[in-house]
Amino acid sequence: MADRESLLPARPSVQRLGRDRLLSPVKDFRIDALGAGAGPGGVRALAAALGLAMPSSIFSDVPQAQPVLVFKLTADFREDPDPRKVNLGVGAYRTDEGQPWVLPVVRKVELQLAKNDSLNHEYLPILGLPEFRTNASHIALGEDSPAIKEKRIGSVQALGGTGALRIGAEFLRRWYNGTNNVSTPVYVSAPTWENHNGVFGAAGFVDIRTYHYWDAAKRGLDLKGLLQDMENAPEFSIFVLHACAHNPTGTDPTPEQWEKIASVMKRRFLFPFFDSAYQGFASGDLDKDAWAVRYFVNEGFELFCAQSFSKNFGLYNERVGNLTVVGKDADNVLRVLSQMEKIVRVLWSNPPAQGARIVATTLSSPELFTEWKENVKTMADRILLMRAELRSRLEALGTPGTWNHITEQIGMFSFTGLTTKQVEYLINEKHIYLLPSGRINMCGLTTKNLDYVATSIHEAVTKVQ
Amino acid sequence: MPTLSVFLDVPFAPKTTSKLLDDFQQDEDPNKVCLGYGVCMTGEKIPWLSPVVIRTLRRLIHDPSFNYSYLPEHGLEAFIRVATELLVGRHSPAIVENRIGGVHTIGGNGAILLGAKFLKDWHRGPRVVYLQQSQREQYGLIFQELGFSLREYTFWDSYRLVSDTGKLFDIVEHAPDRSILLLYNFGSFLLPRKRWYKLSKLLKRKQIFLFCDIPDQGFVSGDPDQDNKILRYFVTQGFEFFCNERVGNLVVVAVSNKSLLCIRSQLDIYTRYMWGSPPALGSRVITTILSNPALRMEWKKSLRGMVESIMLTREKVKEKLRLLRTPGSWEHLTGQDGMYGFLGITVEQLDYLVTKKHIYIPMNGLINFTCINSQNIDYITQSINEAVLAIGPGPQPKEPPKVLVIPNNSDPKNLDHMTSETKSLGAKASPLPAYLHSKK
């Protein structure tokens, strides 16, 4: 940046200005074609040069907010010059070369759409692209869902999974369990994706609680604690459930455990709000990953399901999401959707088209759909391979502790069980970046860095308590 | 399982979007025309896309390095930079002093929403927003939901058939101190230069917070730099304000770099819990075009071509009405700038056009000139002629009220208690939600 002093008008001409002329500086400065004051800085620079007080800001008491931990981690990683560095922090798929992957089917469809001259960029309807909405909900619920047959589902296209959660939360805050009842308790798992708290809080809920989920001692699901929390929860509380591949623990209830959960929720009139960000990604099988949601629907629940296509389509930055609404009957769903339309109108007004078009085109063509399923399985398989490889290395090294949880956990993440001190060691000494909770993204592992990561974890566990 | 739905008490919400478009779409008359579209149309009745945009889009998609990695919360940095530069000029003092920045949002709505939320949480002052009538449908609800009360103003003088931006002085003079002023299309203001200075002083004296709404840069004169002159002047005058660039950029002009960083970090929080990060494709196309001198030139040329064609349409409509000897003065058709213009007909004449001639025009008489093309111009002008002759001149229009106070009946379930009128200076803002407090 240029030195301000050298850009100011020379001192003598400034001193020539009398006091009264200072009050109307505009008359004295040339206003060039762009309407700026003479020289960069204009009035402001003059004031600074003369030592006049700068106008204070009306926003002087706005504090600087902390950045999100995950993004800070990635930023630190990027600046790290060490060649051995590994990023096991952020939640996006990477190939074995450590690169982002554009699904071949997505590239194919993208090129197809670009050639289509009849497509334009007119505004979508407020609730989104109809073909996208229908296909997205069908993927979650299954074509033979009783709710679909009885025409009691609705869909709202949203800005990624975050947007879908937000729309659902905004609606529930306004119209569920009374009108504008901000005190309805919202339960999120302990631990959960941090944004859950933020989204429900921003939507207006004031009572956000946790339910027992992760049992650190046995490194598995604390079903007893979970069911107890549900028994004790006030009736009509909202429960945010992970449909599959729990973030961050990677630990999902088994079908029998889901049945127990559903039974308590039914009896206590608790509202299920599913977050489904990893359908297909967890096991490689779309239907298997949707089992829990579909079970709840079959049991007659009314529920919301926030879907994200960021991971399973790799369309992260196009913000493709869908909120599926299941109600008792068509009339209820219609009224709910009409209110959601009002909410969308004051949030983003119309959703972006590109990502939705790609997903809709893919899901509605049998060949493209098959190709997509293969692409998804490719990703899921690589993750399973990395899990197996990491576990076998740790066991071969004789790293203290048990490591079967690495292959038993599902989805992109693994809750390693490393302590915060061990995590710090890994970051500072070994340039391996992961969250303080010990969560790692399996996609950050490649055949090239597996050995380094395994030996580093071994070091951390043996040297640091 | 209870047999009653948990949604039993949810009332049906009447449609919020324009009834006009719905009626138009359901109309089966072969001659029907809609002059109320919010999109720039070509002569072939499709939305206008500059050829350079289409080519750039195709090229981007074929680029092997193209991938879909998440953008940061505030969006594509390069896009924010080029969009901001387009607005204030590359050599703006605010850019040199690093006190101007932006957040890449979901279109204009997203930008207004972020700005409004920020003002609700951090701006000390009466919860009053002044906005132009044409902005109310789009943005009024957003402000009302957040607890602001609306005051609507219009420059259009339906008696003298002229757009008098000088009225702004009156409006600002009578506004409570520290109100928020939403200014639409700042660039099209036909104010002589010395009036800018007076306005700037007035705004400063009353500490009015400026929220500029920039829908179509370049559509007024054909040149974005020309259109933004007044705005750039205000930047040099040390104002703190927001600009909504409707492509999806909320520009923040602050007093210092530190202030900018603080404001930006708070805006990031809102986006995090609303859409995570913005969609990428459109911003990449724009960034590519604006960063490449050849493409940029081509875009400007096509823009100028479009603007010239709009000006030509205005001339043609005026000429045809003159040839038909339609009573009244039609000078105002060419006297206004940009894509839109007030037709200057009475409500009854408008109604005649909608019901009898299937020409759909919004109630305020503001039409989109790009919806008029060579196929329908004769039908339209003849119909206007017919309507004016059939209905005759209306009763002398009264001087419209300077400012219309809009009752807040959109949503009685506002969280914020400050929905009623002016609060005195120094009023405390409502307690901040916990998540907004930064951790020390």
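Refer to the structure above for everything that follows.
How each quantity is defined
Residues numbered from 1 in each chain as written. Chains lettered and ligands numbered in written order. Predicted model: local features only at pLDDT ≥ 70, side-chain atom pairs only at ≥ 80, totals over all residues. Heavy atoms only, no water. Helix = DSSP H or I, 4+ residues; strand = E, 2+ residues; numbered from the N terminus. Contact = heavy atoms within 4.5 Å. Areas by Shrake-Rupley, 256 points an atom, 1.4 Å probe, with all protein chains shown as cover. Buried < 20%, exposed > 50% of the residue type's maximum accessible area, 1.4 Å probe, protein only. Pairing = 2+ DSSP bridges. Buried area = accessible area lost by both parts, 1.4 Å probe. Salt bridge = Lys/Arg side-chain N within 4 Å of Asp/Glu carboxyl O. Polar contact = N/O pair within 3.5 Å; in protein donor to acceptor, adjacent residues only side chain to side chain. Nonpolar A, V, L, I, M, F, W, Y, C, P; charged D, E, K, R; others polar. Phe/Tyr/Trp six-rings, centres within 6.5 Å; stacked < 30°, edge-to-face > 60°. Lys NZ or Arg CZ within 6 Å of the ring centre and 35° of its normal. Axes fitted to C-alpha atoms, helices over the stretch in contact; angles between N-to-C directions. Parallel < 35°, antiparallel > 145°, perpendicular 65-115°, else oblique. Left-handed = near helix turned anticlockwise from the far one by under 90°. Core = buried A, V, L, I, M, F, W, Y, C linked by side-chain atoms within 4.5 Å.

Colleague: Got a minute to help me understand the overall build of chain B in this structure?
Modeller: Along the backbone of chain B there are 16 helices and 14 strands. Partitioning the contacts of chain B with sequence separation of at least 6, the portion at a separation of at least 24 is 76%. Summed over its atoms, the accessible surface of chain B is roughly 18,700 Å², and 55% of this surface lies on carbon and sulfur atoms.

Colleague: Help me understand the side chain of Ser283 of chain B, please; the structure alone is not making it clear to me.
Modeller: Tracing the backbone shows Ser283 of chain B in helix H12 (residues 281-291). Beyond its immediate stretch of four places on either side in the chain, Ser283 of chain B contacts Leu76, Phe79 and His104 of chain B.

Colleague: What's the story with the pairing of strand E2 (residues 153-159) of chain A in this structure? I'm lost.
Modeller: Two faces, one strand: in a regular strand the side chains alternate between the faces of the sheet. All names here are of chain A. The buried count for E2 comes to seven of seven residues, which makes it a mostly enclosed element. Note that E2 and strand E10 (residues 320-326) share seven bridges and pair antiparallel. When the bridges of E10 are listed, Gly154 appears paired with Val325.

Colleague: Quick question: what am I supposed to make of the side chain of His123 of chain B here?
Modeller: In this fold, His123 of chain B is placed in the loop between helix H5 (107-122) and strand E3 (128-132). Not counting the four nearest positions on each side in its chain, His123 of chain B is found in contact with Ile58 and Phe59 of chain A together with Phe118, Arg178, Ile180 and Phe209 of chain B.

Colleague: Please explain the interface of chain A and chain B as it appears in this structure.
Modeller: Listed as interface residues are 96 residues of chain A and, on the opposing side, 88 residues of chain B. Taken over both partners, the interface formed by chain A and chain B buries close to 8,400 Å², and the fraction arising from carbon and sulfur atoms is 63%. Applying the counting criterion to the chain A and chain B interface returns three salt bridges. The salt bridge partner of Arg345 of chain A is Glu137 of chain B, with a shortest N-O separation of 3.9 Å. Applying the counting criterion to the chain A and chain B interface returns 27 residue pairs in polar contact (both at pLDDT 80 or more). Breaking the side of chain A that touches chain B down by element, the ones donating at least two residues are helix H5 (42-49), helix H7 (104-115), helix H10 (160-175), helix H11 (195-202), helix H16 (330-345) and helix H17 (354-364) of chain A. When residues in the side of chain A that touches chain B are grouped by element, the largest group, nine residues, is from H16 of chain A. Broken down by class, the residue content of the side of chain A that touches chain B amounts to 45 nonpolar, 30 polar and 21 charged.

Colleague: So what exactly am I meant to see when it comes to the packing of aromatic side chains here?
Modeller: Two aromatic rings are characterised by how far apart their centres lie and by the angle between their planes. In this structure the tally under the stated criterion is 48 aromatic pairs over all chains. Pairing Tyr233 of chain B with Phe234 of chain B gives two aromatic rings, centres 5.8 Å apart and planes at 85°, and the pair type is edge-to-face. Its guanidinium or amino end placed over the ring of Phe77 of chain A, Lys85 of chain A lies 4.6 Å from that ring's centre, counting from NZ or CZ. Sitting above the plane of the Tyr273 of chain B ring, Arg272 of chain B keeps its charged end 5.9 Å from the centroid.

Colleague: Just checking my understanding: could you explain the sheet that holds strand E4 (residues 208-212) of chain A for this structure?
Modeller: All names here are of chain A. Sheet architecture is open: seven strands sit in the order E2-E10-E9-E8-E7-E3-E4, paired in mixed fashion. Because the sheet does not close on itself, it has two edges, and the strands there are E2 and E4. Averaged over all pairs of adjacent strands, the angle between strand axes in this sheet comes to 25°, irrespective of strand direction. Along the sheet, H10 makes contact with E2, strand E7 (238-242), strand E8 (271-276), strand E9 (303-308) and E10, crossing E9 at roughly 160°. Along the sheet, H16 makes contact with E2, E9 and E10, crossing E2 at roughly 15°.

Colleague: Got a minute to help me understand unusual backbone geometry in this structure?
Modeller: Among all residues save glycine, negative phi is the norm, and among peptide bonds the norm is trans. Going from Ala190 of chain A to Pro191 of chain A, the amide bond is cis rather than trans, its omega being 0°. In this chain, Asn247 of chain A is followed by Pro248 of chain A through a cis amide linkage whose omega measures 15°. Along the chain, the position of Pro248 of chain A falls in the loop between E7 and helix H13 (255-268). With phi around 60°, Phe269 of chain A is a residue other than glycine that occupies positive phi space. Structurally, the position occupied by Phe269 of chain A is in the loop between H13 and E8. On the basis of relative accessibility, which here comes to 29%, the residue Phe269 of chain A falls in the partly exposed class. Positive phi, normally seen in glycine, also occurs at Asn98 of chain B, with a value near 55°.

Colleague: Would you mind showing me how to read the packing of H5 of chain B against helix H6 (residues 133-145) of chain B here?
Modeller: Each pair of packed helices can be summarised by the angle the axes make with each other and by the distance between the axes. All names here are of chain B. Relative to each other, H5 and H6 sit at 30°, their axes nearing to 10 Å. One finds that H5 runs roughly parallel with respect to H6. Considering the relative orientation of H5 and H6, their crossing is right-handed. Residues Gly108, Asn109, Ile112, Leu113 and Ala116 of H5 lie in contact with H6, whose contacting residues are Gln138, Tyr139, Ile142 and Phe143. Here the contact of H5 with H6 is composed, by residue class, of six nonpolar, three polar and no charged.

Colleague: Help me understand the nonpolar core in this model?
Modeller: Burial of nonpolar side chains together is a common tendency in soluble globular proteins. Counting 122 residues, the largest nonpolar core has Val106, Phe132, Trp372, Leu390 and Leu434 of chain A together with Leu35 of chain B as the members making the most contacts within it. Not counting residues within four places of it along the chain, the set of residues in contact with Val106 of chain A comprises Phe313, Leu315 and Ile358 of chain A together with Tyr68 of chain B. Membership of the second largest hydrophobic core comes to 77 residues, among which are Leu172, Val186 and Phe304 of chain A together with Leu114 of chain B.

Colleague: Just to check I follow, could you spell out the environment of Pro279 of chain B for this structure?
Modeller: Residues and elements named next belong to chain B. Mapped onto the elements, Pro279 comes out in the loop between helix H11 (257-272) and H12. Exposure remark for Pro279: the relative accessible area of 14% places this residue in the buried category. Each C-alpha atom of the pair Pro279 and Phe369 lies 30 Å from the other, and the pair is 90 residues apart in sequence.

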